[in-house]
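Structural overview
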Amino acid sequence: MAACWARIRGRLREEVGEVEYRTWLRQMTLAGIDGEDAVILLPTRFLRDWVNSHYGDRLRALWQAEESAVRRVEIRVAQAAAEPAMAGAEPRVPARTEPVGLAESLAVRPAERPAPEIRSDWVVPLEARFTFDTFVVGKPNEFAHACARRVAEKPASQGFNPLFLYGGVGLGKTHLMHAIAWAIREHEPVRTVAYMSAEKFMYRFIAALRSQNTMEFKETLRAVDVLMIDDLQFLIGKDNTQEEFFHTFNALVDQGKQIVVSADKSPSDLSGIEDRLRTRLGCGMVADLHATTYELRFSILQAKAAAARVEVPAKVLELLASRITANVRELEGALNRLVAHAGLFGRPVTIDSAQEVLHDVLRAHERRVSIEEIQRKVAEHYNLRLTDMVSARRARNVARPRQVAMYLAKQLTQRSLPEIGRRFGNRDHTTVMHAVSRVSELMQQDAGFAEDVTLLRKMLES
Ligand SMILES: Nc1ncnc2c1ncn2[C@@H]1O[C@H](COP(=O)(O)OP(=O)(O)OP(=O)(O)O)[C@@H](O)[C@H]1O
């Protein structure tokens, strides 16, 4: 029956399209077959009425095509899982609420006692944007991405259980976890996937302790097929919750269920997490999301601008990618501001508007490059000695790179012209002024030279 239901949902999804499906139909669960009726549950009356009037006939036709014994489709409102029905007065059709943010469980549970379902308030809704399609892959995240794909395709496969994703703030851990959940939901809707933050796990556990209902807590979590816990570092120092998580973890892995965990550090660096749990966490696949590179940041911005259908000049993307380096979330926020501003005033995004709209962000991310750093990089690039930057030599092959270094010092530091002059072998400020205008001129005239200077600038800024 579960397979029929999966096919019916798949057909409907194809017919109505993703947006419509997610809006109205995603929360349907099959309660069971009652005589000639297929009984479907939805969490609210509103949804029930809507689905009934808009898709009722189609659901019936699809059911009949799959299973001729089914004559009717009855759509009911699910009871809350904690209501008396769960406690004992067992209904013919087990009642449940739809787990928001979970792969819909299709399981028509064995007769005696329905396994507890995860309630919607236990989990965090999945973010629609966080799919594999929208995740931009580059060197720093390709391994983590490949592992996530692998787990999504074959949950609980040897060597990938648990999957431990770690990395700094805003580098895509949550995005990858949600992507795994969406992919499993899509391809294997019979599996239940529970995604929650470690914080939520703890609060649920405390609530269970308080209401003396830890049994339900344990049973519920142990009935899922894939358990994902985000930001595990939250459990540092919370020994009782760690202990509970340790037992849940073992029970699930023993049953061949998949665990995915994220944290800001690797298992071995998570001090404050009990040794035995750290050991368990590290014994599957550990994948690191490294800090982004300029190229990855640029590609992410390009993809996000395309998704927003807004034309953003490459120069603006370059500016953002070179300035906002630590965190993709901030990078995204800056782009969103630009896009919103452009939309609001009906003006195109330009380098000037970007500098104006984002002046606070750009100032905050001004990278403090030292003059010495500039001199070293430029000398290295043109194969000179560092001392050539401050020497009196006037040969073109030395003087031109020195001018480039002065130009970059003017662009990338807050130093005054006299100060820059002093740092370049006690030269006069007019020499620096001349260098700045000469380099700007040459950049206009010679594309190769301009490329060189731009590259140096990027290297210094990233
Ligand atoms: N490679 C990527 N491609 C596209 N978007 C990305 C990528 N990496 C991160 N993002 C985006 O950056 C934002 C932050 O990502 P996410 O929330 O997954 O970070 P996180 O590592 O879980 O952060 P935290 O440590 O704060 O929990 C999200 O909007 C996400 O879509």
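Residues numbered from 1 in each chain as written. Predicted model: local features only at pLDDT ≥ 70, side-chain atom pairs only at ≥ 80, totals over all residues. Heavy atoms only, no water.

Rules: UniProt positions are given in the numbering used here, feature names are shortened, and annotations may be inferred rather than shown by experiment.
Under an unreviewed UniProt entry, the name given to the protein is Chromosomal replication initiator protein DnaA, and the organism recorded is Siccirubricoccus deserti. Check the Subcellular location (unreviewed entry) section of the UniProt entry for the protein; it says "Cytoplasm". What the UniProt record of the protein gives under Sequence similarities (unreviewed entry) is the line "Belongs to the DnaA family."

**Topic: the layout of surface pockets**
The criterion, for reference: Cavities and pockets are found on a 1 Å grid laid over the protein atoms alone: a cavity is a set of points where a 1.4 Å probe fits but cannot escape, a pocket is an open set with protein on both sides within 12 Å along at least five of seven lines, and a lining residue has an atom within 4 Å of such a point. Grid points are joined across faces, edges and corners, and a volume is the space filled by probe spheres set on the points. Only DSSP runs of H or I reaching four residues or more are called helices, and only runs of E reaching two or more are called strands; each is numbered from the N terminus. Amino acids are sorted into nonpolar (Ala, Val, Leu, Ile, Met, Phe, Trp, Tyr, Cys and Pro), charged (Asp, Glu, Lys and Arg) and polar (every other residue, Gly among them). As annotated, the domain borders come from an automatic or database domain assignment.
There is about 480 Å³ of room inside the largest pocket. Around the largest pocket, the lining comprises 26 residues; the ones closest to its centre are G170, L171, G172, K173 and H175. Broken down by secondary-structure element, the contributors of at least two residues to the lining of the largest pocket are α6 (173-187), α11 (294-307) and α13 (328-345). Looking at the lining of the largest pocket residue by residue, the class counts come to nine nonpolar, nine polar and eight charged. Looking at which domains feed residues into the lining of the largest pocket, each of domain 2 (132-289) and domain 3 (294-364) gives three or more.

**Some details on the environment of C147**
For clarity, the threshold we go by: Relative accessibility decides the category of a residue: with a 1.4 Å probe and only protein chains considered, values under 20% of the type maximum give buried, values over 50% give exposed, and everything between is partly exposed. A contact between two residues is defined here by any heavy atoms of the two lying within 4.5 Å.
With respect to the helices and strands, the residue C147 is situated in helix α5 (residues 142-153). The exposure class of C147 is buried, given its relative accessible area of 2%. Expressed as a C-alpha distance, the spacing of C147 and L163, which sit 16 residues apart in the sequence, is 7.7 Å. Those residues in contact with C147 that sit more than four places away from it in its chain are F160, L163, M285 and A287.

**Focus on the site of the ligand**
Going by this rule: Here, proximity means that at least one heavy atom of the residue falls within 4 Å of the molecule or strand. We call two N or O atoms a polar contact when they sit within 3.5 Å, provided that within protein one can donate a hydrogen and the other can accept it, with sequence-adjacent residues counted only if both atoms are side-chain atoms. Residue burial considers only the protein chains on display, and all accessible areas are found by Shrake-Rupley using a 1.4 Å probe.
As a structural note, the neighbourhood of the ligand is formed by 20 residues, with V136, K173, T174, H175 and E332 the closest of them. Between D231 and the ligand, the recorded distance is 3.4 Å, taken from a side-chain N or O atom to an oxygen atom. Separating a nitrogen atom of the ligand from a side-chain N or O atom of K304 is a distance of 3.0 Å. The protein chains hide 93% of the 630 Å² of surface that the ligand would expose on its own. The set of elements that each furnish at least two residues to the shell around the ligand consists of α6, α11 and α13. Broken down by class, the residue content of the shell around the ligand amounts to seven nonpolar, seven polar and six charged. Taken together, domain 2 (132-289) and domain 3 (294-364) each give at least three residues to the shell around the ligand, which thus spans both.

**A word on the pattern of salt bridges**
Threshold: For this analysis, a salt bridge means a side-chain nitrogen from Lys or Arg found within 4 Å of a carboxyl oxygen belonging to Asp or Glu.
In total, this model carries 28 salt bridges according to the counting rule given. Here R7 and E66 are joined by a salt bridge, their closest N and O atoms 3.0 Å apart. One end of the pair, R7, is in helix α1 (residues 2-16); the other, E66, is in helix α3 (residues 45-66), and 59 residues separate them in sequence. Since its relative accessible area comes to 44%, R7 is described here as partly exposed. Overall, the relative accessible area of 28% leaves E66 in the partly exposed class. Salt bridges here are not isolated pairs; linked through shared partners, they connect E127, R129, K304 and E332.

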